Amino acid sequence: SPSGLSNRTATLAKAFRPAEDWLSQGKQHYDAGRLDAAVQAWEQALEQFARPKQPIAQASVLRYLAIAHQDLGNLRIAEMSIRQAWELIQSQPQTLLSAQVFNTWGIIQLAQGESEEAYATFLQAEATYRELSDRPGITLSQINQVQALIALGFYRRAEAQLLVLQQLLGLSAKAVAVPPGETLADRPQLKAEILLRLAQVWESIGNLPDAQKALDQSAVLFQQLGAPVQLASVLLLQGDLARDQQRLDDAITLYRAAQTTVESASADFAMGQQVVLEAELKQLRSLIQTEGEDLAATQYLGNLLLDQLQQPPMNAWDIEARVNLAESLRLMNKFEPALALLDPALEQAQKLGNVRAESYVLGQQGHIYESLERWAEALDVTRQARQKSTALGADEITVNWLWQEGRLLKGEGQKTAAIAVYSQAVQLLQNLRQDLVAVNPEVRFSFRDEVEPVYRQLVELLLVEVDSLPTEIRQQQLEQARQTIEALQLAQVQNFLRQACETYAVQPIEKIDAHAAVFYPIVLGERLEVVLALPGLPLQHYGSHLSQAKQQKLFAQLRQSLNPAFPARDGLLAAQQFYSQLIHPAEAWLDQQQIKTLVFVLDDFLRDVPMAVLHDGDRYLVEKYSLALTPGLQLFDAKSLATEKLNVLAGGLSQARQGFASLPAVEQELQGIAQYAETRRANDVKAQILLDQDFTTQRLIRQNKPFNVLHLATHGQFSSTAKDTFLLTWDERLGIADLEQWLSSRADGQVRTPIEMLILSACQTAKGDRRASLGLAGLAVRSGARSTVATLWSVQDQSTAQFIDEFYGQLLDEGASRAEALRQAQLALLHSSYNHPYYWAPFVLVGNWQ
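Residues numbered from 1 in each chain as written. Predicted model: local features only at pLDDT ≥ 70, side-chain atom pairs only at ≥ 80, totals over all residues. Heavy atoms only, no water.

Asks: Is there a simple way to think about the nonpolar core in this case?
Replies: Within soluble globular proteins, side chains that are nonpolar generally end up buried alongside one another. Residues Phe519 and Leu598 are the most contacted members of the largest nonpolar core, which totals 189 residues. For this core, the element with the highest residue contribution is helix H17 (residues 335-352), accounting for nine residues. Contacts of Leu598, omitting those with residues within four sequence positions, involve Ala517, Phe519, Ile583, Leu590, Leu621, Tyr625, Ser626, Leu627 and Ala628. Judged by nonpolar contacts, the second largest core, of 47 residues, contains Leu110, Leu168, Ala211 and Val275. (Core = buried A, V, L, I, M, F, W, Y, C linked by side-chain atoms within 4.5 Å. Buried < 20%, exposed > 50% of the residue type's maximum accessible area, 1.4 Å probe, protein only. Helix = DSSP H or I, 4+ residues; strand = E, 2+ residues; numbered from the N terminus. Contact = heavy atoms within 4.5 Å.)

This is how it looks when you write it as structure tokens:
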């Protein structure tokens with residue numbers, strides 16, 4: 001028949017069409033975002049190249065197919081394709097294609113969660129590029145290595161490599177050695193693309209300033225090159241940076257600019273449409289986060305996107321877009337339209353064999369069913385989602401579904417089962433070596449919203465009705481609650497530092513100090529719960545109702561009373577309220593065990609409450625006990641202070657510098673330390689003083705003489721972010737990382753012995769930052785000091801000089817413990833003209849108190 005003849009003619013034409021044509025057509029489809037069509041064309045090219053047995057050409061096409069299948073989410077097929085490519089060329093001489101195959105293979109391994117294998121593969125790619133003297137290839141493989149290092153949790157190594165890349169690309173960075181002749185100045189397109197990749201990496205690890213610099217430079221280059229789609233990608237990431245900093249209005253403006261950039265360029269190809277859709281999805285989520293400030297715009301955009309995504313999804317990105325929109329619709333209480341989006345997405349994910357996408361879709365369905373309180377359906381799909389992610393080894397996804405399953409079991413009243421699932425989630429969070437950053441940026445963890453609640457909700461489940469349980473079970477649950485609180489504290493510090501911390505085994509308190517008690521207060525919504533560890537006794541528990549409104553009111557009253565402009569008695573009511581909830585229920589145990597030191601593992605707003613001012617109606621807490629703080633017993637080595645050889649390095653600023661006020665009494669403070677050293681030379685007490693112009697960063701870093709006490713009398717700030725936590729020197733600001741690097745190694749490259757004490761006598765927590773005390777904990781941990789003495793606010797420097805004089809006197813003349821020396825110095829101020837809590841309350845001891 002004519003139609004049959006026509007079909008045979010078309011088949012013959014296809015069979016004899018040159019492979020190069022298929023290859024070119026596949027590239028055109030791929031560049032336009034038509035991935036399925038690209039795959040079909042390249043499969044035809046592969047078949048054509050196979051006939052005359054052209055292994056290099058086959059390998060090249062197989063690499064293209066691997067890239068396309070990875071983009072489609074077909075990771076198994078992608079891996080098979082790249083393996084076939086490697087088998088075809090491994091007996092051939094090293095070529096550019098060899099290096100490209102390695103890079104592609106590493107990217108696929110990274111997407112599959114095989115981070116160690118990916119890193120090794122990227123190293124092979126770099127070695128091959130170096131043999132070919134291919135500078136762009138070397139740089140791209142190095143960026144891929146950084147991404148693998150981050151996935152493995154090796155942040156220091158990743159940062160070191162990023163420093164070299166910063167210098168290479170002309171970004172401001174610390175001086176690092178760059179191989180001669182290695183520059184990308186004459187390759188603007190490649191430089192712009194690499195800058196964008198680096199910005200993505202920096203954003204993922206929280207290095208927002210460098211991410212912003214890289215984006216600003218890449219935006220200029222893409223604009224000069226006339227590349228609207230790439231420029232829009234830069235604007236999208238700039239929007240993400242603004243969103244990360246809670247600048248939601250700026251984020252929305254940037255997302256809209258990305259959309260306009262593509263639309264105004266008449267970019268009617270698929271890649272441009274994808275960028276537009278991504279910009280709209282991000283706008284919608286940001287509008288929702290502004291809590292309905294522009295309800296009309298939110299509703300309009302939600303409906304518009306719902307109309308746009310009615311067509312069945314075709315690839316992994318389409319599936320992800322529907323999951324994203326479904327979550328936004330859930331937040332808008334549009335549950336049925338959200339569920340309708342997910343059914344075809346699940347079907348397509350199954351057709352593609354994309355298990356990761358299946359897990360996302362199933363988990364999102366469970367989240368919507370949870371919002372509808374359809375517990376049985378929610379549990380079913382959530383467990384399916386967990387099975388899929390577990391099979392992939394994708395722990396960063398699994399932990400989310402475990403948390404969701406725990407919430408659902410709690411909602412059904414299955415408390416025991418919920419505790420078991422929550423416990424698995426917490427264990428998985430502790431095992432994750434990466435900084436809770438998923439491969440897919442759209443499911444990146446927000447620590448405050450998606451990590452802390454897992455710990456807190458587990459503690460809540462463990463403590464609810466715990467006092468009514470049989471003794472053995474009660475102790476088991478209290479011990480697990482204590483361990484979970486410790487784990488939360490460790491996770492908070494590690495999230496602040498964005499690196500793992502060295503830890504020590506948590507010992508029973510009687511093995512550390514037979515006269516110390518450890519308080520674990522934790523804020524759980526409208527309740528304040530306390531777990532108490534006492535020497536020789538089982539763990540104790542008590543709790544009380546404290547509404548969030550009451551929390552804020554008491555906190556505000558107490559902090560206001562610490563201003564010397566107000567009488568100290570104004571804060572007594574709040575101080576007594578906190579005492580009655582935190583300390584009073586434990587008084588009998590404290591007396592019975594002859595407790596002398598109270599150690600606090602503080603939580604939430606309590607970190608900014610100086611425990612010394614708690615009041616029993618007659619006396620301040622510091623008048624009864626020595627006090628210490630710790631982010632967790634596992635973070636500090638519990639050893640007594642050896643005072644027979646005290647070597648002090650003391651530095652400070654008395655003059656105004658860098659916009660900070662002068663501290664005239666600092667000179668007196670440092671002279672007092674020098675005098676102590678002079679009078680105690682027989683006991684091997686030594687001191688070196690660096691004041692004002694001598695107190696520079698370089699002078700500090702070059703100090704190679706051994707010291708075990710570092711005393712810095714200078715302005716500083718503790719913040720909830722590491723980049724805003726610093727100490728002031730004469731010439732610059734010393735950040736946490738700089739301090740840690742200096743204190744951990746000597747100039748000759750040898751590892752230093754950890755210092756016994758770091759004393760910071762003029763620092764303060766950042767104003768308006770409710771989590772600024774994390775900066776103090778982070779600095780204390782990263783400095784490596786066994787103890788840190790610091791202030792919660794900047795104190796009048798004359799009273800500080802008197803405090804420091806008394807503190808050293810107690811340590812050296814009386815042989816007091818660190819905590820007792822601090823207490824006696826505070827009492828000396830309390831019984832002097834500096835009796836207002838403003839002067840003595842801000843001093844805190846973090847870490848080892850002995």
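Asks: How do you make sense of the packing of aromatic side chains when you look at a structure like this?
Replies: Two descriptors summarise a pair of aromatic rings, namely the distance from one centre to the other and the angle between the planes of the rings. Evaluation of the coordinates by the stated rule reveals 14 aromatic pairs. Ring centres of Trp42 and Tyr64 lie 5.2 Å apart, and the angle between their planes is 25 degrees; this geometry places the pair in the stacked category. Pair noted here: Trp42 is in helix H3 (residues 35-50) and Tyr64 is in helix H4 (residues 55-72), with a separation of 22 residues, a long-range link. Residue classification places Trp42 among the buried residues on the basis of a relative accessible area of 2%. Between the aromatic rings of Phe807 and Tyr808, the centroid separation amounts to 6.0 Å while the plane-to-plane angle is 75 degrees, which identifies the pairing as edge-to-face. Classification of Tyr808 as buried rests on a relative accessible area of 2%. Through successive ring pairs, a cluster of aromatic residues spans Phe803, Phe807, Tyr808 and Phe843. Sitting over the ring of Trp730, Arg657 keeps its end group 3.8 Å from the ring centre. (Phe/Tyr/Trp six-rings, centres within 6.5 Å; stacked < 30°, edge-to-face > 60°. Lys NZ or Arg CZ within 6 Å of the ring centre and 35° of its normal.)

Asks: Would you mind showing me how to read the sheet that holds strand S11 (residues 733-735) here?
Replies: Backbone-to-backbone hydrogen bonds join strands into a sheet, with any given pair of strands oriented parallel or antiparallel. Taken together, the four strands give an open sheet; going across it, the order is S11-S10-S9-S13, and neighbouring strands pair in mixed fashion. Taken across any chain shown, the strands that pair with only one partner, and hence form the sheet edges, are S11 and strand S13 (763-765). Between one strand and the next, the sheet's axes are offset by a mean angle of 20 degrees, whatever the strand orientation. As defined by bridge partners, strand S9 (residues 716-718) adjoins S13 across three bridges and the pair is classed as parallel. Residue Gln717 lies in a different strand from S13, and its bridge partner there is Gln764. In the packing of helix H31 (residues 736-744) onto the sheet, the strands contacted are strand S10 (726-728) and S11, and the crossing angle to S11 comes to about 75 degrees. (Pairing = 2+ DSSP bridges. Axes fitted to C-alpha atoms, helices over the stretch in contact; angles between N-to-C directions.)

Asks: It is not clear to me how empty space enclosed by the protein should be interpreted in this structure. Could you clarify?
Replies: In this approach a probe as big as a water molecule rolls over the atoms, and the regions it shows empty are the leftover space. Within this structure, the stated rule accounts for six cavities of 30 Å³ or more. Empty space within the second largest cavity amounts to approximately 100 Å³. Considering the residues around the second largest cavity, the lining is formed by 13 residues, among which Met611, Ala612, Leu627, Phe843 and Val844 are closest to the centre. Broken down by secondary-structure element, the contributors of at least two residues to the lining of the second largest cavity are strand S5 (626-629), helix H34 (818-830) and strand S15 (843-847). (1 Å grid on protein atoms, 1.4 Å probe; cavity = no way out; pocket = protein on both sides within 12 Å on 5 of 7 lines; lining within 4 Å. Points joined across faces, edges and corners; volume = space filled by probe spheres on them.)

Asks: Whenever I open this one, unusual backbone geometry confuses me. Can you help?
Replies: In most cases, non-glycine residues show a negative phi, while peptide bonds are predominantly trans. Unusually for a residue other than glycine, Ser133 sits at a positive phi of about 55 degrees. Within the secondary structure, Ser133 sits in the loop between helix H7 (115-131) and helix H8 (135-152).

Asks: Honestly, the confidence of the model for the protein in this entry has me stumped. Any pointers?
Replies: One rule of thumb: low pLDDT means the predicted coordinates there are not for detailed reading. Of all residues in the protein, 86% attain a pLDDT of 70 or more, and the chain-wide mean is 84. Residue range residues 172-182 is modelled with pLDDT below 50. Its contacts to residues more than four positions away, or to other chains, number 19 contacts. Confidence drops under pLDDT 50 across residues 433-445; counting only partners more than four residues distant or on other chains, this segment forms 38 contacts. (pLDDT = per-residue confidence, 0-100.)

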